[in-house]
Amino acid sequence: MADVIWVYAELSDERVSPTTLEMLAKAAETGKAEAILLGPAPDDAPATLAKYGASKIYRCADPVYRDYLTLPAAQTVAELIEKHRPAVVLFASSYGGRDLAANLSARLDCGAISDVGDFTLKDGSVEATIPALGASYLNTSTLVGSGPKLLLVRPKSFEPKVNEQPLVIEEVAAPADASLRKARVKERVAVRREGPQLDGAKTIVSGGRGLKGEENFAMLRELAELLGGAVGATRAAVDAGWVPYAMQIGQTGKTVKPDLYIACGISGAVQHLSGMKTSKYIVSINKDPDAPIFQYSDFGVVGDLFKVVPQLIEELKKRKGA
Amino acid sequence: MNIVVCGKVIPASTVTIEIDPATKRMVRKGVAHELDPAAACAVEEGLRLVEKHGGTVTLITMGIADATIGIRNALAMGATSAVHILDDAVAGSDTLGTAKVLAAAIKKQPFDLVLCATESSDSYSGIVPGQIAFLLGVPPLSFAKEIAVEGDRITIKRQSESGFDVVESTLPALVAVSSGINEPRYPQLKGIMAAKKKEIKVYTAADLGLSPDQVGEKGAKEKVLTIGRPPKRQAGKIVTDEGDGGRQIADFLAEIKVI
Ligand SMILES: Cc1cc2nc3c(=O)[nH]c(=O)nc-3n(C[C@H](O)[C@H](O)[C@H](O)COP(=O)(O)OP(=O)(O)OC[C@H]3O[C@@H](n4cnc5c(N)ncnc54)[C@H](O)[C@@H]3O)c2cc1C
Ligand SMILES: Cc1cc2nc3c(=O)[nH]c(=O)nc-3n(C[C@H](O)[C@H](O)[C@H](O)COP(=O)(O)OP(=O)(O)OC[C@H]3O[C@@H](n4cnc5c(N)ncnc54)[C@H](O)[C@@H]3O)c2cc1C
């Protein structure tokens, strides 16, 4: 019988997250994929999970999972794991995914591997590949012991695939235990986001501290628009308050994998590289010839971005007009 | 209020990290170390809370002898005292082993709040805080970009994809801070001098009541099988802007058929 692999479904922007669909593709390829869907979700979420490979969905729509942090979900997932004993449980390597997997690992006294880029499963033993230290190393690790194997999967590690399954839903009950209701989400605040989003963008134009200020991101937006892409940023630019967190690329931001990444005024710190290094083509503009980003660039210009970017914009307009 | 900060001491950012092919571990001995910049944010946050509400900040670290330099740094910033878990028996610990050691050390002090960084800057698995929280039986709150305490309640702003969530909990709790939460202070001479007199308790695994099969290499659930360098990216073309840098990029984009 095929090994059962669970995917903990995550919602982002009110829909099943791209990473969830990526994990389902890998799970279905490796064994029998099943999903867990906790908390209020859009009506079409179960169908989406089935469409992308989940042959069964454990669902509970109780708002407790949305209104309280980690503990209710951990309790439910732990009970499900103990009852059904899947071979592997996959979580997105997101902040919520990590909190949940960390709790389960301590609760069930089993290992959890973070930042997994790929894995194999053979005779119940899992072998995970992890791009470590900003992907300057590649580890393979395994988990020992009789407990479940928890893997936290890096976004963009797999391609989502339509793999239509009949919709099979098993409803589960929400935990009633009041002691799980310690950390409550009081309010959700959305900050303004403009322009095309990073997820799925084929081209990303990204700015760092070299941009010097919020107003100069207008130039990057113009460039991105000409190339049909989205704008990203380093944490330095986000921490400076120039752009919102949703634009941050890197270890503590988004992982992206566009065909083209244009890095403007970005030094190339490992934490930034870990989120964009696997872009197909990397172009960078930096005035410091020793900036580490050049070691990862297919094409680099040592120069002042305030001269190079406007010229590039003019050139693209000219060539488009032609 | 008694605040315990878990702070990792890691190879300094100036060090190129090497892996020992035999043990498959990071080479730490003889390498310059520093307090993880992410942990420094947790220390800073602890100090700010104590400046406002009174109390103590205790730094706890598990690490090699060279970690003392990072501990001194936290003490010089203003932490009240420190605990160093220093024992060959904990070497080779995976995340859960590390969390078991840290949780056992935390339980030895009175605490209202445990602060961690959401992830360490060297191995950033980001799961140790959640494991510690479970072992202590307190709620885990991570990715905090702002913290406020009032009486026995804590409120954080938790970074979210679309903005932030306001999350409220009772104390005791564990909060993992996002590294953009503050700008950690630099130790001043006065602090550096004062740090020399501050107490650093040193514990072994046995002091914490942990048996060798729970922690260290023996207790690790995660075993590293191989470690190596990924294939190097093919070196690209780097040019210096002589007034036509933008045009050259456009040519490159045409070459790769983006335009
Ligand atoms: C735990 C942790 C997590 C982190 N997570 C992330 C993350 O997710 N994402 C992230 O990006 N960072 C992250 N960081 C921060 C990271 O270490 C770096 O500090 C950050 O990436 C630097 O951003 P930067 O390249 O914009 O700035 P800098 O490193 O300051 O680089 C600015 C660059 O701009 C160049 N420049 C300046 N002016 C010009 C000009 N006129 N023309 C051309 N070039 C110019 C400079 O030469 C320099 O190379 C994290 C750090 C920690 C500790
Ligand atoms: C098989 C194996 C063997 C290893 N051997 C060793 C070894 O011999 N020596 C060694 O030092 N590491 C070793 N490591 C790495 C060690 O397991 C990790 O550093 C540790 O588990 C913490 O993981 P992290 O840094 O990813 O934590 P994260 O979860 O990213 O850390 C988040 C936060 O938790 C707290 N924290 C984490 N670790 C510590 C700590 N040590 N002290 C205080 N606070 C902490 C900090 O607040 C930190 O910011 C080994 C790892 C594996 C898998």
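What you see is a predicted model; the values in this text were computed from it and never measured.

For the rest of this paragraph, the subject is the overall build of chain B. Assigned secondary structure in chain B consists of seven helices and 15 strands. When the backbone C-alpha atoms are referred to their principal axes, chain B occupies close to 65 × 45 × 40 Å. Out of the 259 residues belonging to chain B, those deemed buried represent 51%. Across chain B, contacts joining residues at least 24 apart in sequence account for 72% of those joining residues at least 6 apart. Surface exposure of chain B reaches about 11,400 Å², of which carbon and sulfur atoms provide 53%.

Moving on, we come to the pattern of salt bridges. One pass over the full model with this rule turns up 26 salt bridges over all chains. Among the ionic pairs, Asp122(B) bridges to Lys8(B), the shortest N-O distance being 3.0 Å. Of this pair, Asp122(B) sits in the loop between β8 (113-117) and α4 (128-136) while Lys8(B) sits in the loop between β1 (2-6) and β2 (9-11), and the two are 114 residues apart along the sequence. For Asp122(B), a relative accessible area of 4% gives the class buried. What makes Lys8(B) partly exposed here is its relative accessible area of 27%. Bridged by salt links that share partners, the residues Glu315(A), Lys318(A), Arg319(A) and Asp251(B) form one connected network.

This paragraph deals with helix α9 (residues 305-321) of chain A. Residue and element names in this part refer to chain A. The terminal C-alpha atoms of α9, which comprises 17 residues, lie 24 Å apart, in line with the 24 Å expected from a rise of 1.5 Å per residue. Among the residues making up α9, those that are buried are Leu 305, Val 308, Val 309, Gln 311, Leu 312, Ile 313, Glu 315 and Leu 316. Two or three places before Phe 306, at the start of α9, stands the capping residue Asp 304, its side-chain oxygen 2.9 Å from that residue's backbone nitrogen.

Taken in spatial order, the six strands of this open sheet run β15(A)-β14(A)-β16(A)-β17(A)-β18(A)-β15(B), and their pairing is parallel. The open sheet has two edge strands with one neighbour each: β15 (230-233) of chain A together with β15 (237-240) of chain B. Here the average twist between neighbouring strands, direction ignored, is 15°. In the sheet, strand β14 (residues 203-207) of chain A pairs with strand β16 (residues 260-264) of chain A via five bridges, with the strands oriented parallel. When the sheet's bridge partners are listed, Gly207(A) is paired in β16(A) with Cys264(A). Sitting on the sheet, α9(A) touches β16, β17 (281-286) and β18 (299-302) of chain A, and the angle it makes with β17(A) is about 130°.

Before going further, it helps to spend a moment on the interface of chain A and chain B. In this assembly, 81 residues from chain A lie in contact with 74 residues from chain B. Approximately 6,800 Å² of surface area, both sides summed, lies buried where chain A meets chain B, with 58% of it carried by carbon and sulfur atoms. For the pair chain A and chain B, the interface holds seven salt bridges. Here Asp99(A) and Arg158(B) are joined by a salt bridge, their closest N and O atoms 3.2 Å apart. Summed over the shared surface of chain A and chain B, the result is 35 residue pairs in polar contact (both at pLDDT 80 or more). With nine residues, the top contributor of residues to the side of chain A that touches chain B is helix α5 (residues 95-107) of chain A. Looking at the side of chain A that touches chain B, its residues break down into 39 nonpolar, 21 polar and 21 charged. As defined by bridge partners, strand β13 (residues 184-190) of chain A adjoins strand β11 (residues 163-170) of chain B across six bridges and the pair is classed as antiparallel. In the sheet register, Val189(A) faces β11(B), and the bridge partner there is Phe164(B).

All names here are of chain B. Close to ligand 2 lie 29 residues; Cys 6, Lys 8, Gly 92, Ser 120 and Ser 125 are nearest. A distance of 2.7 Å is found between an oxygen atom of ligand 2 and a backbone nitrogen or oxygen belonging to Ser 93. Between Thr 98 and ligand 2, the recorded distance is 3.1 Å, taken from a side-chain N or O atom to an oxygen atom. Its residues assigned to classes, the shell around ligand 2 shows twelve nonpolar, eleven polar and six charged.

Turning next to the site of ligand 1. All names here are of chain A. As a matter of local geometry, ligand 1 sits amid 28 residues, with Arg 209, Thr 234, Thr 252, Ser 267 and Gln 271 nearest to it. For ligand 1, an oxygen atom lies 2.7 Å from a polar atom in the side chain of Thr 234. His 272 places a polar side-chain atom, nitrogen or oxygen, 2.9 Å from an oxygen atom of ligand 1. In isolation ligand 1 exposes 990 Å². Once the protein is present, 85% of that is buried. Those elements that provide at least two residues to the shell around ligand 1 are α7 (235-239), α8 (270-276) and α9. Class assignment for the residues of the shell around ligand 1 results in six nonpolar, 16 polar and six charged.

Another aspect to go through is the environment of Ala269(A). Residue and element names in this part refer to chain A. Here Ala 269 lies in the loop between β16 and α8. A relative accessible area of 35% places Ala 269 in the partly exposed class. Residues Ala 269 and Gly 250 lie 19 residues apart in sequence; the distance between their C-alpha atoms is 9.3 Å.

Next up on the list: the side chain of His33(B). All names here are of chain B. Relative to the elements of secondary structure, His 33 occurs in strand β5 (residues 33-35). A polar atom in the side chain of His 33 sits 2.7 Å from the backbone oxygen of Val 31. What His 33 contacts, discounting residues up to four positions off in sequence, is Val 9, Ile 10, Pro 11, Ala 12, Arg 28, Ile 64, Asp 66 and Ile 69.

Turning our eyes to something else, we now look at unusual backbone geometry. All names here are of chain B. Leu 171 connects to Pro 172 through a cis peptide bond whose omega is 0°. Relative to the helices and strands, Pro 172 is located in the loop between β11 and β12 (173-177). The phi angle at Tyr 124 is positive, at roughly 25°, despite the residue not being glycine. Checked against the element boundaries, Tyr 124 lands in the loop between β8 and α4. Taking relative accessible area as the criterion, Tyr 124 reaches 4% and is therefore assigned buried.

Here the focus is the packing of aromatic side chains. Counted by the stated rule, this structure contains six aromatic pairs over all chains. Between Tyr95(A) and Phe143(B), the ring centres sit 3.6 Å apart and the planes meet at 20°, which makes this aromatic pair stacked. Placement of the pair is Tyr95(A) in helix α5 and Phe143(B) in strand β9 (residues 140-150), with the two residues belonging to separate chains. When the ring of Tyr245(A) is compared with that of Phe143(B), the centres are 5.7 Å apart and the planes differ by 75°; the resulting orientation is edge-to-face. Note that Tyr245(A) is positioned in the loop between α7 and β16 and Phe143(B) in strand β9, a pairing that runs across two chains. Taken as a pair, Tyr245(A) and Phe143(B) share a single burial class, namely buried. Through pairs of rings, three or more aromatic residues link up here, namely Tyr95(A), Tyr245(A) and Phe143(B). Between the NZ or CZ atom of Lys108(B) and the centre of the ring of Tyr203(B), over which it lies, the distance is 5.2 Å. Above the ring of Tyr137(A), the side-chain terminus of Arg229(B) is found at 4.2 Å from the ring centroid.

Calculation criteria
- Residues numbered from 1 in each chain as written.
- Chains lettered and ligands numbered in written order.
- Predicted model: local features only at pLDDT ≥ 70, side-chain atom pairs only at ≥ 80, totals over all residues.
- Heavy atoms only, no water.
- Helix = DSSP H or I, 4+ residues; strand = E, 2+ residues; numbered from the N terminus.
- Buried < 20%, exposed > 50% of the residue type's maximum accessible area, 1.4 Å probe, protein only.
- Contact = heavy atoms within 4.5 Å.
- Areas by Shrake-Rupley, 256 points an atom, 1.4 Å probe, with all protein chains shown as cover.
- Salt bridge = Lys/Arg side-chain N within 4 Å of Asp/Glu carboxyl O.
- Expected span 1.5 Å × (residues − 1).
- Polar contact = N/O pair within 3.5 Å; in protein donor to acceptor, adjacent residues only side chain to side chain.
- Pairing = 2+ DSSP bridges.
- Axes fitted to C-alpha atoms, helices over the stretch in contact; angles between N-to-C directions.
- Buried area = accessible area lost by both parts, 1.4 Å probe.
- Nonpolar A, V, L, I, M, F, W, Y, C, P; charged D, E, K, R; others polar.
- Near = heavy atom within 4 Å.
- Phe/Tyr/Trp six-rings, centres within 6.5 Å; stacked < 30°, edge-to-face > 60°.
- Lys NZ or Arg CZ within 6 Å of the ring centre and 35° of its normal.

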